[in-house]
Amino acid sequence: MIHELLLALSGYPGTIFTWNKRTGLQVSQDMPFLHPSETSVLNRLCKIGADYIRFREFIEQHTGHVHQQEHHMNQPSQTGLHGIYLRAFCTGLDSILQPYRQALLDLEQEFLGDPHLTISHANYKLDEFQLLFPSVMVVVETIKSQKIHGCQILETVYKNSCGGLPPVRMALEKILAACHGVMYKQLAAWMLHGLLLDQSEEFFVKQGPSAGGAAANQEEEEEDLGLGGLSGKQLRELQDLRLIEEENMLAPSLQQFSLRTEMLPSYIPIRVAEKILFVGESVQMFENHNYNPSTAGSILKHQEDLFAAELHRLKQQPLFSLVDFENLIDRLRTTVAEHLWTLMVEESDLLEQLKIIKDFYLLGRGELYQVFIDLAHHMLKTPPTAVTEHDVNVAFQQAAHKVLLDDDNLLPLLHLTVDYQGKDSKDGSTPPQDTSPRELPPTGWAALGLTYKVQWPLHILFTPAVLEKYNVVFRYLLSVRCVQSQLQHCWALQMQRKHLRSSQTDAVKWRLRNHMAFLIDNLQYYLQVDVLESQFSQLLQQINSTRDFESIRLAHDHFLSNLLAQSFILLKPVFHCLNEILELCQNFCSLVSQSVASLDERGTAQLDILVKGFRRQSSLLFKILSSVRNHQINSDLAQLLLRLDYNKYYTQAGGTLGSLLTFSV
């Protein structure tokens with residue numbers, strides 16, 4: 001019977017010890033010569049044998065022979081479990097079963113050497129597995145029931161290894177070390193060669209953008225532009241002026257790789273995972289690009305073998321050390337970041353590229369756009385057609401020549417785009433987000449965009465998503481500059497007619513122009529000086545004070561975020577109000593330019609509507625800015641209010657520009 005017991009404990013039940021999948025391994029009921037206490041001891045041993053049989057079935061199901069391994073790598077098994085981490089888990093599980101198999105062999109030798117040994121001796125020798133096997137079985141059942149996959153297996157094993165039972169902890173740490181072997185191989189391929197070896201989507205780095213939530217759209221629908229100032233929700237938005245990628249006006253991130261956070265084990269912090277992502281992305285970019293290493297050397301400075309040896313050393317350690325792991329990742333990241341800094345700043349002249357972005361996207365070359373507005377105004381004041389884009393680019397080239405901007409290397413990289421109904425987006429550019437894609441843009445100005453062909457390797461900083469955000473700022477700044485130019489043209493008309501006899505309506509008209517110009521001029525000065533120049537100088541200072549590419553990228557992201565926030569593009573109440581004011585100014589300029597003589601009755605009625613609309617919108621703007629100032633939330637809005645109300649005229653007028661016009665109309 002002892003041999004029957006040892007065979008059963010080895011996974012080969014017979015007539016005395018029977019196997020049932022539901023009840024497990026048990027002593028047969030047809031053994032009347034066994035005392036109940038002996039039956040109890042034997043059944044206790046059978047529980048160990050039952051766990052061993054289930055372990056062996058689990059291992060064979062998910063590893064098996066070579067052809068079965070290939071099957072499991074590419075397709076889920078009948079239980080839905082598959083992947084290389086699962087096979088590594090099975091390898092580790094099999095390794096902790098080896099002491100059990102050796103104990104059975106030792107027992108067989110002892111029983112052969114001493115026939116008088118009893119069942120209690122077997123129970124004593126196998127007692128350590130009474131504690132170990134049930135604990136390991138909990139892990140196996142968790143993986144099976146919850147269909148734990150990929151790096152999530154690391155998290156499951158790690159959590160169960162944090163108990164206070166040394167044999168269980170040591171066994172699970174041994175399994176965890178086997179699973180870490182797979183992770184280190186994937187890390188080596190990703191960080192040293194830019195290869196994402198992940199057929200079954202098990203790694204915590206994936207190809208494609210991260211899966212972000214769409215909750216921001218619901219919040220946007222709740223916006224309320226009340227005339228009483230800002231709501232509490234809008235004030236909270238002001239308090240947290242962050243760059244929201246889910247905003248409808250901004251293009252989604254087109255990042256090629258991202259983190260699969262649900263696969264990241266809890267003992268690897270997100271900051272470390274982001275460094276791993278950055279290193280792999282950078283190496284992958286160099287591997288895929290037709291890049292001549294002799295010009296700047298390998299991105300890892302020919303230290304691939306050294307870093308591979310370090311990863312192998314960590315892989316051989318029985319316990320995972322976060323300190324050693326993060327130190328190695330930091331060294332890799334520093335090496336890559338310094339190389340990218342040299343390549344971007346010194347060899348690709350990043351500062352000059354930023355100046356180009358500022359000159360053209362942020363209207364730094366004001367004289368160029370002043371000439372362009374004069375040349376293209378008649379083309380863009382009407383809805384665009386199929387030929388508008390060509391005509392606008394001709395006007396842009398003419399404006400560049402007039403201001404002596406004849407850079408043959410730069411101008412071909414710049415191209416103005418005009419979106420119109422029915423246009424195919426061949427260049428991959430996104431249409432302006434100010435208008436619905438199903439609606440025809442009201443004017444060409446609203447459909448205007450700028451594209452810039454970014455040269456390698458600057459494309460990792462100026463991504464399509466980043467350039468689209470610059471385009472949002474570009475359209476907004478150009479609209480303000482265009483309105484300012486039209487109001488100045490109205491002033492020129494006024495000077496031409498000042499010798500003529502003026503009516504009371506003319507006085508109202510020119511006073512309204514004066515108030516509009518006052519607001520627009522101060523807005524323009526705020527945007528160009530308080531926002532653009534200030535933020536750009538801070539960006540250059542941060543770039544010159546570091547030799548780390550990641551610091552440059554963060555500084556640039558912060559710069560772009562501040563542009564969108566401080567220019568009120570992300571703050572819907574202020575942005576909507578300013579757009580209404582700009583539209584009123586455009587309508588006023590159209591009215592003035594169309595009527596050379598004094599206004600007739602219809603023109604006077606239109607002027608009255610414009611006066612009331614401007615009063616209403618300027619009052620709303622003042623209330624919004626005052627609400628923010630009173631709550632001391634945002635210094636940018638307070639700065640704009642300071643420029644508009646520097647002598648308290650705005651305040652004394654009750655927060656309404658144009659209030660003195662009511663008695664004249």
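The model shown is predicted, which means the values in this text are computed figures rather than measured ones. All residue numbers here refer to positions counted from 1 along the written sequence of the relevant chain. For this predicted model, a pLDDT threshold of at least 70 governs which residues receive local features, and a threshold of 80 or more governs which side-chain atom pairs are given and counted, while totals over whole chains, interfaces and linings are taken from all residues. Side-chain descriptors were evaluated using all non-hydrogen atoms of the structure, hydrogens and water having been removed beforehand.

### Observations concerning the overall build of the protein chain
Phase 1: Helix and strand definitions here come from DSSP, where helices need a minimum of 4 consecutive H or I residues and strands a minimum of 2 consecutive E residues; each element is numbered from the N-terminal end. Scanning the protein chain for helices and strands turns up 25 helices and six strands.
Phase 2: Working definition: with a 1.4 Å probe on protein chains only, accessible area under 20% of the residue-type maximum means buried, over 50% means exposed, and in between means partly exposed. Sorting the 665 residues of the protein chain into buried and exposed places 49% on the buried side.
Phase 3: In the protein chain, of all internal contacts separated by at least 6 residues, the share reaching a separation of at least 24 is 76%.
Phase 4: Each accessible area is a Shrake-Rupley estimate made with a 1.4 Å probe; only the visible protein chains count as cover when residues are assessed. Total accessible area computed for the protein chain in this model is approximately 32200 Å², and 52% of it derives from carbon and sulfur atoms. Contacts were defined at the residue level, with two residues in contact if any of their heavy atoms lie within 4.5 Å.

### A look at the pairing of strand 5 (residues 414-418)
Phase 1: Most of strand 5 is tucked away, with four of its five residues classed as buried.
Phase 2: For two strands to pair, DSSP has to find at least two bridges joining them. Alignment of strand 5 against strand 6 (residues 448-452), held across five bridges, turns out to be antiparallel. In the strand pairing of strand 6, leucine 416 is matched with leucine 450.

### A few points about the confidence of the model for the protein chain
Phase 1: Across the protein chain, the average pLDDT comes to 75, with 73% of residues at 70 or higher.
Phase 2: You can read pLDDT as the predictor saying how much it trusts each residue, on a scale of 0 to 100. Low confidence marks residues 213-232, where pLDDT is under 50. Its contacts with residues over four positions away, or in another chain, come to 32 contacts.
Phase 3: Every residue in residues 234-255 is under pLDDT 50, and counting partners more than four places away or in other chains gives 64 contacts.

### Some thoughts on the environment of histidine 193
Phase 1: Position of histidine 193 among the secondary structure elements: in helix 8 (residues 166-193).
Phase 2: Each C-alpha atom of the pair histidine 193 and serine 282 lies 9.9 Å from the other, and the pair is 89 residues apart in sequence.

### Some words on helix 14 (residues 322-347)
Phase 1: With 26 residues, helix 14 extends 36 Å between its outermost C-alpha atoms, agreeing within 8% with the 38 Å of an ideal straight helix rising 1.5 Å per residue.
Phase 2: The first or second residue beyond helix 14 is aspartate 349, which carries a positive phi of 55°. The span one expects for a helix is its residue count, reduced by one, times 1.5 Å.

### Quick word on unusual backbone geometry
Excluding glycine, most residues fall at negative phi; most peptide bonds, likewise, are trans.
Phase 1: Positive phi outside glycine occurs at lysine 147, with the angle close to 50°.
Phase 2: As for its position among the elements, lysine 147 is in the loop between helix 6 (127-146) and helix 7 (152-160).
Phase 3: A positive phi angle, close to 70°, is found at phenylalanine 568, a residue other than glycine.

### With respect to the packing of aromatic side chains
Phase 1: Side-chain rings of Phe, Tyr and Trp (the six-membered ring for Trp) are treated as a pair once their centres are within 6.5 Å; stacked means planes under 30 degrees apart, edge-to-face means over 60, and tilted covers the remaining angles. For the coordinates displayed, the defined rule picks out 23 aromatic pairs.
Phase 2: Each ring, one from phenylalanine 129 and one from phenylalanine 133, has its centre 5.4 Å from the other, and the planes form 55°; the classification is tilted. Here phenylalanine 129 and its partner phenylalanine 133 are both found in helix 6, four residues apart, which amounts to about one turn of the helix.
Phase 3: Pairwise contacts between aromatic rings join Phe360, Tyr361, Tyr369, Phe372, Phe396, Tyr470 and Phe474 into one cluster.
Phase 4: As a reminder, the over-ring test applies to NZ of lysine and CZ of arginine, requiring each to be within 6 Å of the ring centre and within 35 degrees of the ring normal. In this structure, lysine 358 packs its charged tip against the face of phenylalanine 536, placed 5.5 Å from the ring centre.

### With respect to the nonpolar core
Phase 1: One finds Phe89, Phe204, Phe372 and Tyr470 to be the most contacted residues of the largest nonpolar core, which totals 184 residues.
Phase 2: Other than its neighbours up to four places away in sequence, tyrosine 470 contacts Ile357, Tyr361, Leu362, Phe462, His556, Phe559, Leu560 and Leu563. Buried Ala, Val, Leu, Ile, Met, Phe, Trp, Tyr and Cys residues form a nonpolar core when they are joined through side-chain atoms within 4.5 Å.

### Section: the packing of helix 4 (residues 84-113) against helix 6
Phase 1: The contact between helix 4 and helix 6 brings their axes to 12 Å, and the two run at 165°. If you check the angle between helix 4 and helix 6, you find them roughly antiparallel. Handedness of the helix 4/helix 6 crossing: left-handed. When helix 4 is examined against helix 6, the residues Leu86, Phe89, Leu93, Ile96, Leu97, Pro99, Tyr100 and Ala103 are found in contact with a partner set consisting of Phe129, Phe133, Val136, Val139, Val140 and Ile143. Note on definitions: angles span 0 to 180 degrees between N-to-C directions of axes, and those axes are lines fitted to C-alpha atoms, for helices only across the stretch in contact. Comment on the angle field: the value is read as roughly parallel under 35 degrees, roughly antiparallel over 145, roughly perpendicular from 65 to 115, and oblique elsewhere. The handedness criterion is simple: a crossing whose near helix is rotated anticlockwise from the far helix by less than a right angle is left-handed, and one whose near helix is rotated clockwise is right-handed.

### Side note on the pattern of salt bridges
Phase 1: Think of a salt bridge as a Lys or Arg side-chain nitrogen and an Asp or Glu carboxyl oxygen that are within 4 Å of each other. On inspection of all chains with the given rule, the structure shows 17 salt bridges.
Phase 2: Bridged by salt links that share partners, the residues Arg271, Lys275, Glu326 and Asp330 form one connected network.

### Notes on helix 8
Phase 1: The end-to-end C-alpha separation of helix 8 is 39 Å, in line with the 40 Å expected for 28 residues at 1.5 Å each.
Phase 2: Of the residues trailing helix 8, glycine 194 is marked for its positive phi of about 70°.

### Comments concerning the packing of helix 7 against helix 8
Phase 1: The contact between helix 7 and helix 8 brings their axes to 9 Å, and the two run at 160°. Considered as vectors, helix 7 and helix 8 are oriented roughly antiparallel to each other. Note on packing geometry: the crossing formed by helix 7 with helix 8 is left-handed. Residue-level inspection shows Ile153, Leu154, Val157, Tyr158 and Asn160 of helix 7 in contact with helix 8, the latter providing Leu172, Ile175, Leu176, Cys179, His180 and Met183.
Phase 2: Grouping the constituent residues of the contact of helix 7 with helix 8 by class yields nine nonpolar, two polar and no charged. Put simply, Ala, Val, Leu, Ile, Met, Phe, Trp, Tyr, Cys and Pro go in the nonpolar bin, Asp, Glu, Lys and Arg in the charged bin, and everything else, Gly too, in the polar bin.

### Notes on the environment of phenylalanine 325
Phase 1: Within the secondary structure layout, phenylalanine 325 lies in helix 14.
Phase 2: The contacts of phenylalanine 325, once residues within four sequence positions are left out, are Met183, Tyr184, Leu187, Ile268, Val272, Ile276, Leu314 and Phe320.

### Things to note about the side chain of arginine 260
Phase 1: On the secondary structure map, arginine 260 appears in the loop between strand 4 (257-259) and helix 11 (270-288).
Phase 2: A relative accessible area of 10% places arginine 260 in the buried class.
Phase 3: A polar atom in the side chain of arginine 260 sits 2.6 Å from the backbone oxygen of phenylalanine 203.
Phase 4: Once residues within four sequence positions are removed from consideration, arginine 260 is found in contact with Asp198, Glu201, Glu202, Phe203, Phe204, Val205 and Lys206. The term polar contact refers here to a pair of N or O atoms within 3.5 Å; inside protein, the definition further demands a hydrogen-donor-capable atom paired with an acceptor-capable atom, and it admits residues adjacent in sequence only when both atoms are side-chain atoms.

### Here we look at the environment of cysteine 490
Phase 1: Relative to the helices and strands, cysteine 490 resides in helix 19 (residues 464-496).
Phase 2: On the basis of relative accessibility, which here comes to 1%, the residue cysteine 490 falls in the buried class.

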